[in-house]
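Single-letter residue listing:
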Amino acid sequence: MATRTKKHLDIIFNRIERTQSFYVWVSILVAVSGLALYAILMSLIYSLEIFEFSAQVIWATMVSNYVFLVVSSTGLCIVTSLGHVFGMQRYELIGRRGVFLALITIIFGMISIGAHLGHPERAMIFNLLTPNFLSAMWWMGTLYSFYIVFIAIEYWLLARPELIERSDQAQGPEKIIYGIMAFRQLDRLKIGPVLKNHKLLQFIGAAALISGLSAHNTLGALFGHIEARPLWHGSYYPIYFLLSASFCGYALLLAVSIASYKIKKEEIPEDYQSLIFEMAQVLALLLSAGLLFTAYKMGFGLFTPEKVKPIMLFLKGPFSQAFWLFEIAIGTVLPIPILLWATKQKNIIGVLIASVMVLVGVYVMRYDFVVAAQVYPVIKNGLPSYLPAFMEVLFIGGVLGALFLTYVLGEKFLPLKEEHHH
Amino acid sequence: MNKATKNIRRRDFLKLLAGAYAYATLGSPGLAGAQTTRYGKLADTTRCIGCKRCMSACKRWNKLEVERNELVSDRETDLSAQNWVVVNLRADAKNVTQRIYEHWACQHCIQPACAGVCPVKAITKLPMGNVVINEKKCIGCRYCYQACPYKVPRFDFEKRVTRKCHLCYDRIPLLNYMKPACVEACPVEALSFGYKHEIILEAKKRIYKEKSGRYILGLKEAGGTDMLTILPTKPKDLGLVVAPQKVVNHNMDKLRITGAGFMGASVLAGLMYTYASLTRKNTKDDYGNPDKETS
Ligand code: SF4
Ligand code: SF4
Ligand code: SF4
């Protein structure tokens, strides 16, 4: 008890100490998010066209950003489920940070796609009123809505014990705020003990995982169904998306948690360190599987007549640099030896670097996946450039900035740390 | 019974009839192909002189914007939210002296891929044959554009909805027998409109009379479409985008792909379970409850 109180005092002390840099961070991120708001405002005043680098590539950066974020969210859900759904104790350490990240990535993913839609307000109404059960997009929107609810409850259940603890230890307004966040009144009701039961958490976690995987599946199917886009069509992407979600989840969790400790110059708890190295190994394994999948895709694509042209865009065409340098080298091949080496040397920074590389590779991969598929069959002679427009960059930067800002605030005010509670 | 109620009854009956046809069209593809009260449009590129009157008639009827120079003859135009029909010069790759004007608009597929993917059912195939986007319902996701084998539905960046030719459903032939604006405007009868089975017969008659090599686009493409185009030669030689000769985005195909994904997801869950059970430690969890599997 005494040590814990001391730790808590330390945290509070740290907070005061770091106020300055914290405010600098927050103001930078607020400014970046402001740019996104500016971009949205301009799109409302002028036309949605400012978000398109070509009217022929009708899904571009906002869609790929959405795909990146929601796939990461599913990945995080997969990784954290290993803990409280499949009962691996060591993975329970990362439960709160992982689930919190899953929650905010899906929310900002939805914001990204919301700004891309012509009429997001209608989407909510008509999704309910006139559902098209044959449309993967309908299923995706609906299942992700369930997923958001489950994952939010999951985080709340995970954070509740510590929120209660914090409210016990704090004074004044902080005590009240944490008390409200934990819904302390519920403890007095019959539901109180139920909330503390691990079974409930397991159940909600399983619901989140099932809805998340299904939603994710329909996201893959959304692209897979489109027969008119040879690159997307087929059952490859729904399956590959599951794999890439897994490595994306691992990489994002590793990168964010390690960076958080390093930036705050805090010691990483002993048991989390060993988990980091285990996760690094799993990540290396998943990346190797990903490499096999990509080789299969490209190899077999060359034997399917209608897929040859789109595939050549990657191997030799305008996307070759992004493909070979970012997707293959930075995103998949190089991180594997770095991860293995870092695990052997017990080098945390190595894991951090490799995870960030994976994330960069995956981000580029999502962009290529969305944009390159739209070249055939209509854009006959190719476009001069496939880079996003300036306003798109502003918007995406802003969304990622706002995501980061939410994380920084969450890291400061919510229980995310990798510690066990008793 | 007075006249007014009789009229209403009659309208109700027509509605019921339309509903039955809608059911037949959506529920049973076999029936949809066979029914005789469906309309079709025929474009004969061998007759078209490239005057683009259909384009301007379409714009006038549907109140679309006219862009600068686009109605000039021989100027290449692309379908857009304001251009629901375009007329472009195309040359035969095998015989360069052979040039045609191609009247191009939505093909009004019998089983439209666009309607199948729209998440909010904003696109309907009417029993008369028209494939119509409800612009008050469209959420602007542009999924229909991706799914359409001809890339017809175009996004309107100002209205924020997707728009395309609706085969003039608002000049409904059933009520006043008005032809679509483009068909009405054509000075050389390159466009015709009528019952689908008659239109098919007419098209076949025309290519039968003429020398061989002519091709009717839309009999088999995308599983059959309610707009037919007579081409002097194979569409590939003219550099046109060709849809496969089967229903695009067939429901069974969708089911297969989704099913494969769910199988993948189950495998993933299985792998997670294996990973967990191989390495799980036999201890108590955070909350002091014994682990489910170990208790
Ligand atoms: S041509 Fe395209 S837009 Fe027209 S009905 Fe067929 S799929 Fe829909
Ligand atoms: S853009 Fe509109 S009509 Fe097309 S699929 Fe989306 S909601 Fe349906
Ligand atoms: S049928 Fe009507 S809407 Fe379609 S192209 Fe002709 S005039 Fe335009």
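If you're wondering where the values come from, they're calculated on a predicted model, not measured in any experiment. Going along each chain's sequence as written, the residues are numbered from 1 onward. Chains carry letters from A onward and ligands carry numbers from 1 onward, assigned in written order. A pLDDT threshold of at least 70 governs which residues receive local features in this predicted model, and a stricter bar of 80 or more applies before side-chain atom pairs are shown or counted, although totals over entire chains, interfaces and linings include all residues. Side-chain descriptors were evaluated using all non-hydrogen atoms of the structure, hydrogens and water having been removed beforehand.

Caption draft 1: Quick peek at the nonpolar core. The set of buried Ala, Val, Leu, Ile, Met, Phe, Trp, Tyr and Cys residues whose side-chain atoms join them within 4.5 Å is what this entry labels a nonpolar core. When accessible area is computed with a 1.4 Å probe and restricted to protein chains, residues below 20% of their type maximum are described as buried, those above 50% as exposed, and intermediate ones as partly exposed. Trp59, Tyr91, Leu219, Phe223 and Tyr250 of chain A are the most contacted members of the largest nonpolar core, which has 206 residues in total. Each helix is a run of H or I in the DSSP string that is no shorter than four residues. Each strand is a run of E no shorter than two, and both are numbered from the N terminus. Here this core takes 18 residues from helix 12 (residues 236–263) of chain A, the largest share from any one element. What counts as a domain boundary in this text is fixed by an automatic or database domain assignment. Residue-level mapping places this core at the junction of two domains, with at least three residues from each of domain 1 (33–245) and domain 2 (250–276) of chain B. It only takes one pair of heavy atoms within 4.5 Å for two residues to be counted as in contact. Setting aside residues no more than four positions away along its own chain, Leu219 of chain A makes contact with Tyr66, Val67, Val70, Val71, Met140, Tyr144 and Phe241 of chain A. Core analysis: the second largest hydrophobic core is formed by six residues, Ile199, Ala203, Ile216 and Leu228 of chain B among them.

Caption draft 2: Region of the structure containing the pattern of salt bridges. Throughout this description, the term salt bridge denotes a Lys or Arg side-chain nitrogen within 4 Å of a carboxyl oxygen of Asp or Glu. Counted under the stated rule, the structure contains 22 salt bridges over all chains. The salt bridge involving Glu162 of chain A is made with Arg166 of chain A; its shortest N-O contact spans 3.2 Å. Taken as a pair, Glu162 of chain A and Arg166 of chain A lie in helix 7 (residues 136–169) at a separation of four residues, close to a single helical turn. In this structure Arg166 of chain A comes out as buried when scored by relative accessible area, which is 10%. With its nearest N and O atoms 2.2 Å apart, the salt bridge here joins Glu227 of chain A to Lys246 of chain B. Taken together, the residues Glu227 of chain A in the loop between helix 11 (198–224) and helix 12 and Lys246 of chain B in the loop between strand 10 (227–231) and helix 9 (251–279) connect one chain to another. On the basis of relative accessibility, which here comes to 15%, the residue Glu227 of chain A falls in the buried class.

Caption draft 3: Structural detail: the interface of chain A and chain B. Listed as interface residues are 75 residues of chain A and, on the opposing side, 65 residues of chain B. Put simply, buried area is the surface a 1.4 Å probe can reach on two separate parts but cannot reach once they are joined, added for both. Between chain A and chain B, a total of about 5,800 Å² is buried, with carbon and sulfur atoms accounting for 57% of that surface. It is Phe86, His225 and Glu227 of chain A that lose the most area in chain A upon contact with chain B, and together they represent 11% of the buried surface on that side. Where chain A touches chain B, the interface holds one salt bridge. Any pair of nitrogen or oxygen atoms within 3.5 Å is treated as a polar contact; in protein, a donor-acceptor pairing is required on top of that, and neighbouring residues in sequence qualify only through side-chain atoms on both sides. Run the count over chain A and chain B and you get 31 residue pairs in polar contact (both at pLDDT 80 or more). Only Asp, Glu, Lys and Arg are considered charged, only Ala, Val, Leu, Ile, Met, Phe, Trp, Tyr, Cys and Pro nonpolar, and every remaining residue, Gly among them, polar. Partitioning the side of chain A that touches chain B into residue classes produces 36 nonpolar, 28 polar and 11 charged.

Caption draft 4: Just the site of ligand 1, in detail. Near ligand 1 you find 14 residues, and of these Cys106, Gln107, Cys109, Cys114 and Cys148 of chain B are the closest. For the shell around ligand 1, the per-class residue count stands at 11 nonpolar, two polar and one charged. The nearness test applies per residue and asks whether one of its heavy atoms lies within 4 Å of the molecule or strand.

Caption draft 5: Representation of the packing of aromatic side chains in the model. Aromatic pairs are defined between Phe, Tyr and Trp rings, using the six-membered ring for Trp, whenever the two ring centres lie within 6.5 Å; interplanar angles under 30 degrees are classed as stacked, those over 60 as edge-to-face, and all others as tilted. One pass over the full model with this rule turns up 36 aromatic pairs over all chains. A centroid spacing of 6.1 Å and a plane angle of 45° characterise the contact between Tyr236 of chain A and Phe293 of chain A, whose relative ring orientation is tilted. You can see Tyr236 of chain A sitting in helix 12 and its partner Phe293 of chain A sitting in helix 13 (residues 270–301), a full 57 residues away along the chain. When the centroid spacing of 5.1 Å and the interplanar angle of 75° are considered together, the rings of Trp104 of chain B and Tyr150 of chain B count as edge-to-face. Of this pair, Trp104 of chain B sits in strand 3 (residues 99–104) while Tyr150 of chain B sits in the loop between helix 5 (143–147) and strand 6 (154–156); the two residues are 46 residues apart in sequence, bridging distant segments of the chain. The structure contains a cluster of three or more aromatic residues connected by ring pairs, namely Trp59, Phe223, Trp232, Tyr236, Tyr237, Tyr240, Phe241, Phe293, Tyr296, Phe300 and Phe369 of chain A together with Tyr143 of chain B. For Lys346 of chain A, the ring lying beneath its charged end belongs to Phe277 of chain A, and the centroid distance is 4.7 Å. Above the plane of the ring of Phe155 of chain B lies Arg142 of chain B, whose end atom (NZ or CZ) is 3.8 Å from the centre. A ring has a charge above it when a Lys NZ or an Arg CZ is no more than 6 Å from the ring centre and no more than 35 degrees off the ring normal.

Caption draft 6: Broad picture of the domain arrangement of chain B. Considered domain by domain, chain B is made up of domain 1 (33–245) and domain 2 (250–276). Inter-centroid distance (C-alpha atoms) of domain 1 of chain B to domain 2 of chain B is 39 Å.

Caption draft 7: Focus on the site of ligand 3. Around ligand 3, the structure places Lys41, Cys58, Asn62, Trp84, Val85, Cys165, His166, Leu167, Cys168, Pro180, Ala181 and Cys182 of chain B. Secondary structure elements with two or more residues in the shell around ligand 3: helix 3 (53–62) and helix 7 (181–185) of chain B.

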